[in-house]
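Chain residues, written in single-letter form:
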Amino acid sequence: METQTRKADHLRICLDENVQCRQITNGLEHYRFTHCCLPEIDRDDINLTTTFLGKSLGAPLLISSMTGGTELAKTINSRLAAVAQQYRLAMGVGSQRVAVENPSVATTFSVRAIAPDIPLFANLGAVQLNYHYGLDECRRVVDALEADALILHLNPLQECVQTSGDTNFRGLLSQIASLCAALSVPVIAKEVGNGISATSAKRLLETGVAAIDVAGAGGTSWSLVESERATDARQRRLGRTFADWGLPTAECVTAVRAIAPQIPLIASGGLRDGLEAAKAIALGADLAGMAFPFLQAANDSEAALYELVEILVAELTTAMFCTGCKRLEDLRSPGVLQKI
């Protein structure tokens, strides 16, 4: 019940309170595209399709992991799944720990019937491998979701600020390696808004993870979220002190891509529009992940959610058209994106 209450708090705080990073940004403002006044292409011929972990997508967008475990979360996940199916987008769900502890809420995550064709990612906190979770629990959340991959999220700062958080991260690399070797679906390593450095990415890749979601700083600060939930003054101050802790998303993408040219790579963390998605892809990401914009729209209405995706697609397409890029890989051509 405690975990379920926390999930409800997280939704409420993210929607109602200002818990966005205050000073640090995603770093994408330091880049701009070279405008092409003669694209020499028909905008209608621009192709946004791609693949990720062997699955086809209509656009390089991921609805990042957000929620589950409550009735509101069920509504939000259902709406997100419907729009993901319509536009063939990838989707992750929030941490399924709550469903492991209380199987009666598993249906709040179950969206495969709504989205039979999309890449769908299950989700557990990596640190739970040090708290009596193992292969069985990971299989259970994957099977319950009929997921194509399992996200293991890494959240040391959040656990430090969270009242009674799980902070024993000792020996996790070996546990992740064992899981990667035994699980039947790929494992994606993901931060929650503080970023993954090149050094950490290298260590994770050595364990056998199949993809990385850098989830850099610049968007929702989970330090601030947990500060809002804190039950004592120390934890509240701790969360505020570390509100802008982390590595900007743009830095993470370039650093990880430099040491792992072929690894499937997701850029998330503070992305708010299709132009930023285009920049992230130009820097080397395969997918651009967003959470907060999708959460706001899904909480509003199904119509708002469909409108959001139409806008994101239009923004991404316009960025490609005005740089003369017909395919996503063309965004990475020399001279298309420049640092300023």
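Conventions we followed
- Sequence order as written defines the numbering, with residues in each chain counted from 1.
- Given that this is a predicted model, residues contribute local features only at a pLDDT of at least 70 and side-chain atom pairs are listed and counted only at 80 or more, while totals for whole chains, interfaces and linings are drawn from all residues.
- For the side-chain quantities, the full set of heavy atoms in the structure was used; hydrogens and water were omitted.
- The rule is short: rings of Phe, Tyr and Trp, with Trp giving its six-membered ring, pair when the centres are within 6.5 Å, and they are stacked under 30 degrees, edge-to-face over 60, tilted in between.
- A run of DSSP states H or I qualifies as a helix once it reaches four residues; a run of E qualifies as a strand once it reaches two. Both are numbered from the N-terminal end.
- Exposure above 30% relative accessible area and the absence of a salt bridge qualify a residue for a patch, where like charges join within 9 Å and nonpolar side chains (Val, Leu, Ile, Met, Phe, Trp, Tyr) within 5 Å.
- The method behind every accessible area is Shrake-Rupley, applied with a 1.4 Å probe, and residues are considered shielded solely by the protein chains displayed.
- Any Lys or Arg side-chain nitrogen found within 4 Å of a carboxyl oxygen on Asp or Glu counts as a salt bridge.
- Two residue types count as positive, namely Lys and Arg, and two as negative, namely Asp and Glu; His and chain ends fall outside the count.
- A charged residue contributes its charge at one atom only: NZ of Lys, CZ of Arg, CG of Asp or CD of Glu.
- Relative accessibility under 20% of the residue-type maximum defines a buried residue, over 50% an exposed one, and the middle range a partly exposed one, all with a 1.4 Å probe and only protein chains included.
- Contacts described as polar in this section are N or O atom pairs within 3.5 Å, which, within protein, must combine one atom able to donate a hydrogen with one able to accept it, while residues neighboring in sequence count only if both atoms come from side chains.
- Contact definition: two residues touch when any of their heavy atoms are within 4.5 Å.
- The directions from the helix axis to the C-beta atoms form the arc being described.
- At least two DSSP bridges between two strands are required for those strands to pair.
- Whenever a helix is involved, its axis is fitted only over the stretch in contact; in every case the axis is a line through C-alpha atoms, and angles between N-to-C directions fall within 0 to 180 degrees.
- Orientation categories follow fixed angle ranges, with anything under 35 degrees roughly parallel, anything over 145 roughly antiparallel, 65 to 115 roughly perpendicular, and all other angles oblique.
- Left-handed describes a crossing whose near helix is turned anticlockwise from the far helix by less than a right angle; the clockwise case is right-handed.
- Amino acids outside the nonpolar list (Ala, Val, Leu, Ile, Met, Phe, Trp, Tyr, Cys, Pro) and the charged list (Asp, Glu, Lys, Arg) are all regarded as polar, and Gly is one of them.

### Notes on the packing of aromatic side chains
Then, in step 1: Tallying each qualifying case throughout the model produces three aromatic pairs.
Then, in step 2: Here the aromatic rings of tyrosine 87 and tyrosine 306 are separated by 6.1 Å at their centres, their planes lie at 50 degrees, and the arrangement is tilted. Placement of tyrosine 87 in helix α2 (residues 71-87) and of tyrosine 306 in helix α13 (residues 302-321) is noted, with a sequence separation of 219 residues between them.

### Quick look at a positive patch on the surface
Then, in step 1: The grouping of Arg22, Arg236, Arg237 and Arg240 at the surface amounts to a positive patch.
Then, in step 2: With respect to the helices, strands and loops of the structure, arginine 236 is situated in helix α9 (residues 233-241).
Then, in step 3: By relative accessible area, which is 33% here, arginine 236 ends up partly exposed.

### A short note on the side chain of glutamine 20
Then, in step 1: Here glutamine 20 lies in the loop between α1 (2-16) and β1 (31-33).
Then, in step 2: Among the residues examined, glutamine 20 registers a relative accessible area of 18% and is labelled buried.
Then, in step 3: Here threonine 220 takes part through its side chain, which lies 3.0 Å from a polar atom of the side chain of glutamine 20.
Then, in step 4: Residues within four places of glutamine 20 in sequence aside, it is in contact with Gly219, Thr220, Ser221, Leu224, Arg272 and Phe292.

### Side note on helix α6 (residues 172-182)
Because an α-helix completes one turn every 3.6 residues, residues spaced three or four positions apart along the sequence face the same direction.
Then, in step 1: Those residues of α6 not exposed but buried are Leu172, Ile176, Leu179 and Cys180. For α6, the angular spread of buried residues about the axis comes to 100 degrees, placing them on one side.

### Overview of unusual backbone geometry
Then, in step 1: Here the phi dihedral of histidine 132 falls at roughly 75 degrees; this positive angle occurs in a residue that is not glycine.
Then, in step 2: Secondary-structure assignment places histidine 132 in the loop between β6 (120-125) and α4 (135-145).
Then, in step 3: Since its relative accessible area comes to 78%, histidine 132 is described here as exposed.
Then, in step 4: The phi dihedral of alanine 215 falls on the positive side, at around 40 degrees, and the residue is not glycine.

### Remarks on the pairing of strand β8 (residues 187-191)
Then, in step 1: Within β8, five of the five residues are buried, which leaves the element mostly enclosed by the surrounding structure.
Then, in step 2: Of the two faces of β8, the one carrying Val187, Ala189 and Glu191 and the one carrying Ile188 and Lys190 are both buried.
Then, in step 3: One ladder, built from three bridges, connects β8 with strand β9 (residues 211-213); its direction is parallel. Bridging across to β9, alanine 189 finds its partner in isoleucine 212.

### Some remarks on the packing of α2 against α13
How two helices pack is summed up by the angle between their axes together with the distance between the axes.
Then, in step 1: Taken N-terminus to C-terminus, the directions of α2 and α13 make an angle of 40 degrees; their axes are 10 Å apart at the nearest point. Classified by the interaxial angle, the pair formed by α2 and α13 is oblique. For the crossing formed where α2 meets α13, the hand is right-handed. Mapping the contact onto sequence places Arg79, Leu80, Ala82, Val83, Gln86 and Tyr87 in α2 and Glu302, Leu305, Tyr306, Val309 and Glu310 in α13.
Then, in step 2: Class assignment of the residues belonging to the contact of α2 with α13 gives a composition of seven nonpolar, one polar and three charged.

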